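Residue-level structural notes
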Amino acid sequence: MADIRSNFLGIKSPNPYWLASAPPTDKKYNVLRAFEAGWGGVVWKTLGSQVKNVSSRYSAVDFNGGRMMGFNNIELISDRPLDINLKEIAECIKLFPDRAMVVSLMADNDKKSWHELIKKVEDTGAHGLELNFGCPHGMTERGMGAAVGQDPEIACMVVEWVMEAANIPVITKLTPNVHSVVPTGRSVVKAGTNALSLINTIQSVTGIDLDTLVPNPYVAGKSVFGGYCGPAVKPIALKFLTTITQDELTKTVPVSGIGGVSTWKDAVEFMLLGASNVQVCTAVMHHGFRIIEDLCDGLNNWMDEKGFNTLDDFIGKSVDTITHWEDLDINYHHIAKINQDKCIHCGLCYIACEDTSHQSINIQKGNPYNTYTIIDEECVGCNLCQLVCPVDDCITMEEHREAPEYINWIEWQKKGLPLNDH
Amino acid sequence: MIESNKLSEKQYQENFSDIHPPYESSTAAKVDANRCLFCYDAPCMKSCPTSIDVPKFIKQIATENIKGSAKTIFSSNIMGTGCSKVCPVEKLCEGACVYNLLEEEPIPIAKLQRYSTEIAMEKNWKLFERKKSVGKKVAIVGAGPAGLSCAHALSREGIDCTIYEKESKGGGLMTYGIAAYKVTPQFCEDEVNYILSIGGIEIKYNQELGKDITLAQLKKEYDAVYLAIGVGVARQLAIPGEKLEGVVDAISFIYDIRDKGYSSVPVGDKVAVIGMGMTAIDAATQAKRLGAKEVTMLYRRTEDEMPCTKHELDIAMLDGCEVVWLAAPQKIKGSQGKVKQLVCSKMKLGEPDASGRRSPVDTGETFTLDVDMVIKAAGQTPFEKIIKKYKLDNKNGKISINENCATNIKGVFAGGDAVNGGKEVVDAVQAGKDGAFSILKYLGVKN
Ligand SMILES: Cc1cc2nc3c(=O)[nH]c(=O)nc-3n(C[C@H](O)[C@H](O)[C@H](O)COP(=O)(O)OP(=O)(O)OC[C@H]3O[C@@H](n4cnc5c(N)ncnc54)[C@H](O)[C@@H]3O)c2cc1C
């Protein structure tokens, strides 16, 4: 059995799965249930200035019958009294000393408020702090949350205040509502943050009720932009993560990966791109804490199969495989192949290629089943047919290099080689 | 003993409830709709005689465009609701579903089709608009699936249609022949009314061609005539004892169940059903459901040659009907004018016949069954008399038509069971469409 224990800046947890700062980590009741289920740690729902929430608060995007492919909220930070939160944090730590307890913070925008809040939180015995520079709604209007994360200078200033007071590790959570997370990332690393976490939610309108014509979530005939998360945002999160783990400065600190992690596979992908652990929210809001079992089990089995003994054996292993377009090997070529024994004749590959790609699939009409074959000379190897095929391993991409040697775009141009494929 | 009222009202209701219940909720329909792969040049569509665009109507359920979905179905098959209940889908659309090739359950196409079209009927959506009258009149004989489908297609193009129907209700064998657990009389009536709601179609009931009206009259008064008279009486067995009390014809037996009500239809204790087509299955299962103790189905050939589908045979078997293969009725014995025994020849399979199926050969051995009722379901015979009377070219009573659905008499077209000798409702619907298309060409309304 592989060892899936995690050590993030000295904050230890039995597995790399933390619950992200959100409703699931809002109070002792939930957190104890999560720990009992086996979660490695939690980031307590953001503490800070007093707020009031509205009703309703969530909305979702369903896809082809699947619910909550994307999830959206307009909730603010914790609306419970600070002293109750602090008391419950201390109790949870006492009951589950082996789990990670990180507390998310968003103080009013002055040094004194931050210092007071940090002091109080540290007194609970918490293991770390996460600075909420990400919340895209409600708090930004008060110059907090994403308003801080979107401005590298303000972010730098706040982190400096925090570092003056903090005695435990500090993680800065970044907002994706910027063209690049790197400037803020660099700025807070310079200011001394011990780690980064990303991404927070993405501003969104999830959909409009076609009867009332008001978007969701509905609050008395109005709505607001919410924070989008869930499986739909994972690819975007992975991209932002990579920009941080590839940057010379930001890659010097550990990163906690967030954004649509629902399965052990998602977690592995975040870690392969350099996250030291992951945080989960939407998946538990959809299915409850019990999903931790497969998150651990699947990770364990995969590590065993691949021969990785510890998380560090694979964290970051894929970071260097993402390169610049102009470095790609132009002589690499592959062609689709349809396995006729597996083909169920649905024709999806054909119509996709015919209507939207390179007309590289031949159709031989039959009754009721047509036969589809690849026209090798026409196939540019785009993968579309393989992507739309509903049968596993029915369409495979077979390597047919144009030439044995590597050549990139710059060299190609220099040699004046031909440009158009078709 | 042959008697009616064998069961309690509650038992009848249970026995004759819908064998394929509809979806309970829109969510349930969407779960199945979302499983559909949306195949291109879809095998299901190609396997539907009316070429319903199945992937399209299913996608429309998934996108909650139910009106669009119903219109997609009805555009190809105006009896789309009825067909969703009576089509042998396991050998048509669902049988061709690509999921079968993955050894997975096919998409429940019929159930989804029923979902959209029943909503359309319930809400009485007007999905088709009749074009302005073009001043042409067509007479249609027979208000069965072929006749109705032809009339609807013609009316859409602005033709004024009059249907002459010998019975007092429309729907043809849909109304008079198909088992009660598939469609109810009320449904059949609703379906006919929904089809007629386009306007421009008048049905004259209790008007029989050859009795109340003549072909010459119709030809004179109308610009074209479409014959959709179906097939007639059950084929006679031509064996001794056929006149005994307790020998009944499957179609009238089935119709009585529909028409008179379950408790009024007499059924024996030990029933023999002769034949292995859809009619035989319907007769056997319904005899059982009416309270017969033993039902034995007899067929001259084997399971490999049977005309019904495996699915239908399973329904009968699950109802507890027995099957004896390779058995041909030889004579029916009785006493005091009532059926007592059925003597059968044991058969074996010989050389393939014209249909390509191996034909049964008498072995000379016989066996005897004690029975008190014999239901004849060995196919139906065409209305030969009237067809010959009007000198319509025919093959054993099946009206001959050319590629334009035209008979040998100018301006007279035909289709449905009357031409094909008896297939499914869906084939008759397609025949009606084809007929309408040809008539429109003939009248110069479309080319
Ligand atoms: C017992 C039984 C069960 C069946 N089960 C199924 C099933 O489950 N699924 C399926 O798809 N198909 C089934 N069928 C077949 C299906 O019912 C027929 O294929 C279909 O009804 C044929 O349509 P049609 O319009 O050609 O003929 P019909 O439905 O027979 O309609 C002909 C119409 O013409 C009328 N008519 C006849 N002669 C005259 C005349 N001289 N003047 C005026 N009117 C006349 C008749 O009264 C009738 O209304 C079954 C058939 C039978 C007998």
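Residues numbered from 1 in each chain as written. Chains lettered and ligands numbered in written order. Predicted model: local features only at pLDDT ≥ 70, side-chain atom pairs only at ≥ 80, totals over all residues. Heavy atoms only, no water.

**Observations regarding the interface of chain A and chain B**
- Contact with chain A, which involves 20 residues of that partner, is made by 16 residues of chain B.
- Of all residues in chain A, Ile344, Pro368 and Tyr369 of chain A bury the most surface against chain B, accounting for 35% of the area lost on that side.
- Joining chain A to chain B, the criterion identifies one salt bridge.
- Close ionic contact of Lys365 of chain A with Asp41 of chain B constitutes a salt bridge, the shortest N to O distance being 2.9 Å.
- Linking chain A with chain B are seven residue pairs in polar contact (both at pLDDT 80 or more).
- When residues of the side of chain A that touches chain B are assigned to their parent elements, the largest contribution, three residues, is made by helix α11 (residues 348–356) of chain A.
- Its residues assigned to classes, the side of chain A that touches chain B shows 11 nonpolar, seven polar and two charged. (Contact = heavy atoms within 4.5 Å. Buried area = accessible area lost by both parts, 1.4 Å probe. Salt bridge = Lys/Arg side-chain N within 4 Å of Asp/Glu carboxyl O. Polar contact = N/O pair within 3.5 Å; in protein donor to acceptor, adjacent residues only side chain to side chain. Helix = DSSP H or I, 4+ residues; strand = E, 2+ residues; numbered from the N terminus. Nonpolar A, V, L, I, M, F, W, Y, C, P; charged D, E, K, R; others polar.)

**Section: the packing of aromatic side chains**
- Per the counting criterion, the structure on display carries 18 aromatic pairs over all chains.
- Measuring from ring centre to ring centre gives 5.2 Å for Tyr350 of chain A and Tyr40 of chain B, while their planes differ by 35°; the resulting arrangement is tilted. Here Tyr350 of chain A is found in helix α11, whereas its partner Tyr40 of chain B is found in the loop between α2 (26–35) and α3 (43–46) on a different chain.
- Tyr40 of chain B sits in the partly exposed class, given a relative accessible area of 26%.
- Relative to Tyr262 of chain B, the ring of Tyr12 of chain B has its centre 5.9 Å away and its plane inclined at 25°; by these criteria the two rings are stacked. Here Tyr12 of chain B is found in helix α1 (residues 9–15), whereas its partner Tyr262 of chain B is found in the loop between α13 (250–260) and β6 (270–274), with 250 residues between them in sequence.
- Here the aromatic residues Trp302, Phe308 and Phe314 of chain A are joined through ring pairs into a cluster of three or more.
- The ring centre of Phe38 of chain B lies 5.0 Å from the NZ or CZ of Lys59 of chain B, which sits over that ring. (Phe/Tyr/Trp six-rings, centres within 6.5 Å; stacked < 30°, edge-to-face > 60°. Buried < 20%, exposed > 50% of the residue type's maximum accessible area, 1.4 Å probe, protein only. Lys NZ or Arg CZ within 6 Å of the ring centre and 35° of its normal.)

**Some thoughts on the domain arrangement of chain B**
All names here are of chain B.
- According to the domain assignment, chain B consists of domain 1 (21–122), domain 2 (137–232 + 381–442) and domain 3 (237–378).
- Each side of the interface is counted separately: domain 1 has 21 residues, and domain 2 has 21 residues.
- Together domain 1 and domain 2 conceal approximately 1800 Å² of surface at their shared face, both sides included; 75% is due to carbon and sulfur atoms.
- Residues Lys91 and Glu424 are paired through a salt bridge, measuring 3.4 Å at the closest nitrogen-oxygen approach.
- On inspection of domain 1 and its partner domain 2, the count reaches four residue pairs in polar contact (both at pLDDT 80 or more).
- At the level of secondary structure, the elements contributing two or more residues to the side of domain 1 that touches domain 2 comprise α5 (66–76), α6 (80–86) and α8 (109–123).
- No other element matches the six residues that α6 contributes to the side of domain 1 that touches domain 2.
- Classifying every residue of the side of domain 1 that touches domain 2 by side-chain character gives 12 nonpolar, seven polar and two charged. (Domains from an automatic or database assignment.)

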